[in-house]
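Residues per chain, in single letters:
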Amino acid sequence: MGIYKNIEDIEKIKKACRVSKTILKKIGDSIKEGMTTKALEIVAQNLMKEYNVHSAFKGYRGYPGLICVSVNEEVVHGIPSEKKNIKSGDIVSIDVGFRYEGFCGDCAATFPVGEISEEKKRLLAITQKSLLAGISAAAPGKRTGDVGSAIQSVVESGGFSVVQEFGGHGLGRTLHEDPGIPNFGNHGTGEFIKENMILAIEPMVNMGESKIKILEDGWTVVTCDGLPSAHFEEDILITENGNEVLTVYDG
Ligand code: MF3
Ligand code: CO
């Protein structure tokens, strides 16, 4: 399947995106201090049965979990673990991708647990603001660098830094399709965005420096300086005049 979707495909992708967002929010609502990240995966597993969807992450390039749960300095791709406890003051990034009738939805959000620091609150707010700026910049005739540049400028004017090794992507029957959507870059560069593309926009924002490394488990991405990181992701359909956010909660 190409990067431009037809009407039937779009209807199925919309369902996959809505159910992904709905399950994401329900997992977020279930987070309590003292839980392990594995317990959150079990919450996800039960919701997957209820909504009759499958994980698009499990087995993707050998990823072992159903969802990703990344705490504090973990940026993305945290593998749910019985050894990892969640405590008050943490920020927990949940990333989910579910397949429904052959199509993937993919979304993420970072949730505060109990009372978090003012700087963590600001990190979450700026990351969400950068996602909205990236979404606003995505329209026919614009380019992927316009989206990246919009994200980067919000993040850096907030005094934070963007992770450069990972980014957004096209989405469809497979989780990652062309075009790649960097979270940094320059206006007027990169691939052209066209009507009927489906794009996942997903800034990963570090409180400190942008440098990251991957832990020995081969998956967990952490900040090198140990400072916290946030991640928000939505899927959009490029329309004639702009875009439509597809990852909407519908209980
Ligand atoms: N939402 C992420 C992404 O779009 C997570 C996928 S990684 C996986 O890249 F391996 F867990 F699938
Ligand atoms: Co994604």
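Summary of the structure given here. (Residues numbered from 1 in each chain as written. Chains lettered and ligands numbered in written order. Predicted model: local features only at pLDDT ≥ 70, side-chain atom pairs only at ≥ 80, totals over all residues. Heavy atoms only, no water.)

**Thoughts on the packing of aromatic side chains**
Tallied over the entire structure, the rule returns one aromatic pair. Taken together, a centroid distance of 4.9 Å and an interplanar angle of 80° make the contact between Tyr63 and Trp219 edge-to-face. Of the two residues, Tyr63 is situated in the loop between strand 1 (54-55) and strand 2 (68-71) and Trp219 in the loop between strand 11 (212-214) and strand 12 (221-223); the sequence distance between them amounts to 156 residues. The pair formed by Tyr63 and Trp219 is uniform in burial state, with each residue classed as buried. Directly above the ring of Tyr249 sits Lys25, whose terminal nitrogen or CZ lies 5.2 Å from the centroid. (Phe/Tyr/Trp six-rings, centres within 6.5 Å; stacked < 30°, edge-to-face > 60°. Helix = DSSP H or I, 4+ residues; strand = E, 2+ residues; numbered from the N terminus. Buried < 20%, exposed > 50% of the residue type's maximum accessible area, 1.4 Å probe, protein only. Lys NZ or Arg CZ within 6 Å of the ring centre and 35° of its normal.)

**A closer look at the sheet that holds strand 10 (residues 204-206)**
Taken together, the three strands give an open sheet; going across it, the order is 6-10-13, and neighbouring strands pair in antiparallel fashion. For this open sheet the edge positions go to strand 6 (161-162) and strand 13 (229-231), each flanked by a neighbour on one side alone. As paired strands, strand 6 and strand 10 are joined by two bridges and run antiparallel to one another. Among the inter-strand pairings, Ser161 is bridged to a residue of strand 10, identified as Asn206. Packed on one face of the sheet, helix 3 (residues 118-136) meets strand 10 and strand 13 and runs near 35° to strand 13. (Pairing = 2+ DSSP bridges. Contact = heavy atoms within 4.5 Å. Axes fitted to C-alpha atoms, helices over the stretch in contact; angles between N-to-C directions.)

**Some details on the site of ligand 1**
Contacts to ligand 1 come from 13 residues, most closely from Asp95, Asp106, His169, His176 and Glu202. Contact distances for ligand 1 include 2.8 Å between an oxygen atom and a side-chain N or O atom of His169. Taking His176, its side chain carries an N or O atom lying 2.8 Å from an oxygen atom of ligand 1. Protein chains shield 95% of the accessible area of ligand 1, which is 330 Å² for the free molecule. By residue class, the composition of the shell around ligand 1 is six nonpolar, three polar and four charged. (Near = heavy atom within 4 Å. Polar contact = N/O pair within 3.5 Å; in protein donor to acceptor, adjacent residues only side chain to side chain. Areas by Shrake-Rupley, 256 points an atom, 1.4 Å probe, with all protein chains shown as cover. Nonpolar A, V, L, I, M, F, W, Y, C, P; charged D, E, K, R; others polar.)

**Quick notes on the sheet that holds strand 15 (residues 243-245)**
Strand order across the open sheet formed by five strands is 8-7-9-14-15, with antiparallel pairing between neighbours. Unpaired on one side and paired on the other, strand 8 (177-181) and strand 15 mark the two borders of the sheet. This sheet shows a mean twist of 25° between the axes of neighbouring strands, independent of strand direction. Sheet strands touched by helix 1 (residues 7-30): strand 9 (198-201), strand 14 (234-238) and strand 15. Its angle to strand 14, the strand with the most contacts, is close to 160°. Packing against the sheet, helix 4 (residues 144-157) makes contact with strand 8 and strand 9, and its axis sits at approximately 40° to strand 8.

**Re the nonpolar core**
Inside soluble globular proteins, nonpolar side chains tend to come together where they are buried. Ranked by size, the top nonpolar core spans 52 residues in total, and within it Ile27, Leu40, Ile67, Val92, Ile94 and Ile201 carry the most contacts. Leaving out residues up to four positions away in the same chain, Ile94 has contacts with Leu24, Ile27, Ile31, Leu40, Ile67, Cys68, Val69, Cys107, Ala108, Ala109 and Phe111. (Core = buried A, V, L, I, M, F, W, Y, C linked by side-chain atoms within 4.5 Å.)

**Some details on the coordination of the cobalt ion (ligand 2)**
Only Asp106 (OD), His169 (NE2), Glu202 (OE) and Glu233 (OE) from the protein reach the cobalt ion (ligand 2) as donors, at distances of 2.1 to 2.2 Å. For the cobalt ion (ligand 2), all donor residues lie on one chain, and their spacing in sequence is D-x62-H-x32-E-x30-E. Residue Asp106 is found in strand 5 (residues 103-112), and its partner Glu202 is found in the loop between strand 9 and strand 10; the two are separated by 96 residues along the sequence. This pair shows no difference in class: Asp106 is buried, exactly as Glu202 is. (Donors = N, O, S within 2.8 Å, 3.2 Å for Na, K, Ca; no water.)

**A word on the pattern of salt bridges**
Going through the model one piece at a time under the given rule, you end up with twelve salt bridges. Notably, a salt bridge pairs Glu119 with Arg122, separated by 3.3 Å at the nearest N-O pair. Residue Glu119 and its partner Arg122 are both found in helix 3; the two are separated by three residues, about one turn of the helix. Among the residues examined, Glu119 registers a relative accessible area of 34% and is labelled partly exposed. When salt bridges that share partners are traced, they join Glu11, Lys14 and Glu244 into one network. (Salt bridge = Lys/Arg side-chain N within 4 Å of Asp/Glu carboxyl O.)

**Section: the packing of helix 3 against helix 4**
Following both chains from N to C, one finds helix 3 and helix 4 inclined at 155°, their axes separated by 8 Å at the closest point. Overall, the two elements helix 3 and helix 4 adopt an arrangement that is roughly antiparallel. Relative to helix 4, helix 3 is oriented so that their crossing is right-handed. Between helix 3 and helix 4, the contacting residues are Ile126, Lys129, Ser130, Ala133 and Gly134 on the first element and Val147, Ala150, Ile151, Val154 and Val155 on the second. Looking at the contact of helix 3 with helix 4 residue by residue, the class counts come to seven nonpolar, two polar and one charged. (Parallel < 35°, antiparallel > 145°, perpendicular 65-115°, else oblique. Left-handed = near helix turned anticlockwise from the far one by under 90°.)

**Observations regarding unusual backbone geometry**
Going from Asp178 to Pro179, the amide bond is cis rather than trans, its omega being 0°. Considering the arrangement of structural elements, one finds Pro179 in strand 8. Its identity is not glycine, yet Glu101 carries a phi of approximately 45°, on the positive side. Among the structural elements, Glu101 can be located in the loop between strand 4 (91-100) and strand 5. For Glu101, a relative accessible area of 47% gives the class partly exposed.

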